[in-house]
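A look at the structure
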Amino acid sequence: TLQRWWLSPDAVEHLLIAHQWLNGSGFVVPVQWHYYLDPPPPHPAIWSRAPLISLLAALPLALGASVSGVALLHAALAGGVAGGVVRFATRIMTLPFAIATALLLGFSGTYQLLGRYVWTEITAIGMFLAVVATSSRIANGPRGALVCALLTWISWLRRPNLGALLLSVAVAVVISLG
């Protein structure tokens, strides 16, 4: 994955947000590749970026990691998410097919592309799998319902289009709680 790794405009924005935050300038976008928002940068990062990827990138940066180090951690996360598919898939298929599914995902060109960039997609896939995996707990009572709801909210912070899950999970939690 890292043989062809580089910084995309989106990855630069996420990493700059983390850098600004760590340097005390606030959680702001210092530069934006496409100016669709008024006012132009700097502006609050939440206006144009899912915040959690920048927060997660800030952790290794704060510990002294380089940008390449953050990319390496992101690639490792991509491998972990692909491996996590096995755990999820064994709920609906036999172990050999679950392993094959994870390998097909991990070695697909699209997934490898996503693993190269510090974007929101890899963690969004992982969070989506976590939401689906915990959704059965909603019927088990308030604790399971709240775990699923929390993971859904974190998913929304990872990738705003996963906010579509919020309504369905919220309704399921309310029904579960009676």
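Everything here concerns the structure above.
Here the structure is a predicted model, which is why all the values come from computation and not from measurement.

Analysis parameters
Residues numbered from 1 in each chain as written. Predicted model: local features only at pLDDT ≥ 70, side-chain atom pairs only at ≥ 80, totals over all residues. Heavy atoms only, no water. Helix = DSSP H or I, 4+ residues; strand = E, 2+ residues; numbered from the N terminus. Expected span 1.5 Å × (residues − 1). Buried < 20%, exposed > 50% of the residue type's maximum accessible area, 1.4 Å probe, protein only. Axes fitted to C-alpha atoms, helices over the stretch in contact; angles between N-to-C directions. Parallel < 35°, antiparallel > 145°, perpendicular 65-115°, else oblique. Contact = heavy atoms within 4.5 Å. Phe/Tyr/Trp six-rings, centres within 6.5 Å; stacked < 30°, edge-to-face > 60°. Core = buried A, V, L, I, M, F, W, Y, C linked by side-chain atoms within 4.5 Å.

**Regarding helix α2 (residues 51–62)**
- With twelve residues, α2 extends 17 Å between its outermost C-alpha atoms, agreeing within 8% with the 16 Å of an ideal straight helix rising 1.5 Å per residue.
- Within the sequence span of α2, burial applies to Pro-51, Leu-52, Ile-53, Ser-54, Ala-57, Ala-58 and Pro-60.
- Gly-64, located one to two residues past α2, shows a positive phi value of around 100 degrees.

**Structural notes on the packing of helix α4 (residues 95–107) against helix α5 (residues 109–116)**
- At their nearest, the axes of α4 and α5 sit 5 Å apart, and the two run at 60 degrees to each other. Between α4 and α5, the crossing angle belongs to the class labelled oblique. Here Leu-105, Gly-106 and Phe-107 of α4 lie close against α5, whose contacting residues are Gly-109, Tyr-111 and Gln-112.

**Concerning the packing of aromatic side chains**
- In this structure the tally under the stated criterion is one aromatic pair.
- Measuring from centroid to centroid gives 6.0 Å for Trp-21 and Phe-27, while their planes differ by 85 degrees, and the two rings are edge-to-face.

**As for the nonpolar core**
- By size, the foremost hydrophobic cluster in this structure holds 16 residues, and its most contacted members are Leu-15, Ala-57, Val-70, Tyr-111, Val-118, Trp-119 and Ile-122.
- Those elements giving two or more residues to this core turn out to be α1 (9–22), α2, α3 (67–89) and α5.
- For this core, the leading source of residues is α3, giving four residues.
- In this structure Ala-57 touches Leu-15, Ala-18 and Val-70, once residues within four positions along its chain are discounted.
- Among the nonpolar cores identified, the runner-up in size contains six residues, and Met-127, Val-131, Cys-148 and Leu-151 belong to it.

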